[in-house]
Amino acid sequence: MPRETAQTKTARLKQIIAALDRAYPGAHCELDHADPLQLLVATILSAQCTDKRVNLVTKELFKKYRSAADFANAPLAEIEQAIQSTGFFRNKAKNIQACCRKLVEHHGGKVPRTMDELTQLDGVGRKTANVVLGNAFGINVGVVVDTHVARLSQRLGLTRQKTPEKIESELMALVPPKQWTLFSHWLIWHGRRRCAARKPDCANCEIQKRCPQIGMAGI
Ligand code: SF4
């Protein structure tokens, strides 16, 4: 694809956004949660695991552990057992407990509302912090870049970057700030329902006319 001018890319993106909004009017975070703490824990659990599996696990987990103090004071082995099926459970349990101890010690048991404070918690990187800020607090600080967002941004020719940090920074320059959280939902929903990694359904794709299908030859 020849290089686009910034103006052409912005205009094309506007049409992509409008089409995704029409296709997924109810797009939202698919991790079940009732409060910011539950979303924080669910997002830590979602690394290398499907949202469906996480939701099955948290359905029981959140009945037993209702506050940061509950996670902070539980025997580690008990948390490990409860989250075992999400994979990497020892590391995740250690992070959840250490994270919740910091919440109790430094934040009165509450989840903080800033990127700086969130990323100082164990197991919380920029992606997790963006998920929590955008979905639990409605604060648009950045764009969540998971595997779907990375793949689609590249296929759609919105970025040539490879690392999540650089992709995020380019998307933040292109997408209007008030749409940052929704934009990642739209790409994640489209990635799950239409633009799969191995078998994208280009023939029925809602944004096919606006997509240069970058990197698709090798599929
Ligand atoms: S046209 Fe194909 S590659 Fe482009 S977004 Fe649609 S499904 Fe994905």
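The written sequence of each chain sets the order in which its residues are numbered from 1. Whole-chain, interface and lining totals are the exception, using all residues; otherwise, since this is a predicted model, local features are given only for residues with pLDDT of at least 70 and side-chain atom pairs are given and counted only at 80 or more. Just so you know, side-chain values use all the structure's heavy atoms and leave hydrogens and water out.

**Student:** Which parts of the structure should I look at to understand the overall build of the chain?
**Tutor:** A count of helices and strands for the chain gives 11 helices and zero strands. Helix and strand assignments follow DSSP, with helices taken as H or I runs no shorter than four residues and strands as E runs no shorter than two, numbered in order from the N terminus. When the helices and strands of the chain are listed from N to C terminus, the series reads α-α-α-α-α-α-α-α-α-α-α. Atoms counted for the radius of gyration: C-alpha only. Globule rule: 2.2 Å times residue count to the power 0.38. Rg of the C-alpha trace for the chain: 18 Å, near the compact-globule value of 17 Å for 219 residues, within the 12% margin. Judged by the C-alpha coordinates and their principal axes, the chain covers about 55 × 30 × 30 Å. Three exposure classes are used, based on accessible area relative to the maximum for each residue type with a 1.4 Å probe and protein chains only: buried under 20%, partly exposed in between, and exposed over 50%. Here the chain, with 219 residues, has 45% of them falling under the buried criterion. Considering only intrachain contacts with a sequence separation of at least 6, the fraction spanning at least 24 residues in the chain is 60%. Shrake-Rupley sampling with a 1.4 Å probe provides the accessible areas, and residues are treated as covered by the protein chains on show and by no other component. Counting every atom, the chain has about 11600 Å² of accessible surface; 51% of that belongs to carbon and sulfur. Whether two residues touch is decided by their heavy atoms; if any such pair falls within 4.5 Å, the residues are in contact.

**Student:** What exactly am I supposed to notice about the layout of surface pockets here?
**Tutor:** Where empty space is left can be seen by rolling a probe of water-molecule size over the atoms. Each cavity reported here is a set of points on a 1 Å grid over the protein atoms alone in which a 1.4 Å probe fits but cannot get out, each pocket an open set with protein on both sides within 12 Å along at least five of seven lines, and each lining residue one with an atom within 4 Å of a point. Grid points are joined across faces, edges and corners, and a volume is the space filled by probe spheres set on the points. As a volume, the largest pocket reaches approximately 770 Å³. As for the largest pocket, its lining consists of 32 residues, of which T43, S46, A47, K127 and D146 are closest to the centre. Partitioning the lining of the largest pocket into residue classes produces 10 nonpolar, 15 polar and seven charged. Here the second largest pocket defines a volume of roughly 390 Å³. As for the second largest pocket, its lining consists of 20 residues, of which Q154, G157, T159, R160 and I214 are closest to the centre. When residues are grouped by polarity, Ala, Val, Leu, Ile, Met, Phe, Trp, Tyr, Cys and Pro land in nonpolar, Asp, Glu, Lys and Arg in charged, and all others, Gly among them, in polar.

**Student:** It is not clear to me how the site of the ligand should be interpreted in this structure. Could you clarify?
**Tutor:** With respect to spatial proximity, the complete set of residues near the ligand consists of R155, H190, C195, P200, C202, C205, I207, Q208, C211, Q213 and M216. Those molecules having more than half of their atoms within 2 Å of a cavity or pocket grid point set are described as sitting in that cavity or pocket. Placement of the ligand is best described as lying within the largest cavity. If a single non-hydrogen atom of a residue is within 4 Å of a molecule or strand, that residue counts as near it.

**Student:** What should I look at first to understand empty space enclosed by the protein in this one?
**Tutor:** By the definition in use, this model includes one cavity of 30 Å³ or more. What lines the largest cavity is a set of 15 residues, among which H190, C195, C202, C205 and C211 lie closest to the centre. Here the residues of the lining of the largest cavity sort into nine nonpolar, three polar and three charged.

**Student:** Hey, could you run me through the pattern of salt bridges in this one?
**Tutor:** Side chains bearing opposite charge may pair, as long as their charged atoms lie close to each other. Any carboxyl oxygen of Asp or Glu that lies within 4 Å of a side-chain nitrogen of Lys or Arg is treated as forming a salt bridge with it. Taken as a whole and assessed by the stated rule, the structure comprises 10 salt bridges. A salt bridge links E60 to K63; the nearest nitrogen and oxygen atoms lie 3.4 Å apart. With E60 and K63 both in helix α3 (residues 51-64) and three residues apart, this pair spans about one turn of that helix. A relative accessible area of 47% means that E60 is categorised as partly exposed.

**Student:** Hey, could you run me through the packing of aromatic side chains in this one?
**Tutor:** The description of an aromatic ring pair rests on the distance of the ring centres and on the angle between the ring planes. Within 6.5 Å between ring centres, the rings of Phe, Tyr and Trp (the latter by its six-membered ring) count as paired, and their orientation is classed by plane angle as stacked under 30 degrees, edge-to-face over 60, tilted in between. Taken as a whole and assessed by the stated rule, the structure comprises two aromatic pairs. Residues Y24 and W189 carry aromatic rings whose centres are separated by 6.3 Å and whose planes lie at 65° to one another, so their mutual orientation is edge-to-face. Highlighted residues: Y24 in the loop between α1 (6-23) and α2 (36-45) and W189 in helix α11 (residues 180-193), separated in sequence by 165 residues. Neither residue differs from the other here; Y24 and W189 are each classed as buried. Ring centres of Y65 and F71 lie 4.9 Å apart, and the angle between their planes is 20°; this geometry places the pair in the stacked category. When sorted by exposure, Y65 lands in the same class as F71, which is buried.

**Student:** What exactly am I supposed to notice about the environment of K64 here?
**Tutor:** Here K64 shows up in helix α3. K64 sits in the exposed class, given a relative accessible area of 52%. Linking K64 and V111, residues 47 residues apart in sequence, is a C-alpha distance of 19 Å. Among all residues touching K64, those that are not within four sequence positions of it are D70 and E78.

**Student:** Explanation requested: the nonpolar core in the structure shown.
**Tutor:** A general tendency of soluble globular proteins is for nonpolar side chains to be buried together. What is meant by a nonpolar core is a set of buried Ala, Val, Leu, Ile, Met, Phe, Trp, Tyr and Cys residues, joined one to another through side-chain atoms within 4.5 Å. The biggest cluster of nonpolar side chains holds 38 residues, and the ones touching the most others in it are L40, V41, L61, F71, V111, L118 and V124. Of all the secondary structure elements, the ones that give two or more residues to this core are α2, α3, α4 (68-73), α5 (76-83), α6 (89-107), α7 (115-118) and α8 (126-136). Among the nonpolar cores identified, the runner-up in size contains 27 residues, and I16, V149, L171 and F183 belong to it.

**Student:** What is the right way to read the packing of α2 against α3 from this model?
**Tutor:** Two numbers describe a pair of packed helices, the interaxial angle and the distance between the axes. All axes are obtained by fitting lines to C-alpha atoms, using only the stretch in contact for helices, and the reported angles, taken between N-to-C directions, cover 0 to 180 degrees. Running from amino to carboxyl end, α2 crosses α3 at an angle of 135°, the nearest separation of the two axes being 10 Å. Our classification of the angle between α2 and α3 gives oblique. Helix-helix and strand crossings are classified by hand; for α2 and α3 the assignment is right-handed. Contacts between α2 and α3 involve Q38, V41, A42 and L45 on the former and, on the latter, V54, T58, L61 and F62. Counted by class, the contact of α2 with α3 contains six nonpolar, two polar and no charged residues. By definition in this entry, angles of less than 35 degrees are roughly parallel, angles greater than 145 are roughly antiparallel, angles of 65 to 115 are roughly perpendicular, and the rest are oblique. Take the far helix as the reference: if the near one is turned anticlockwise from it by less than a right angle, the crossing is left-handed, and if turned clockwise, right-handed.

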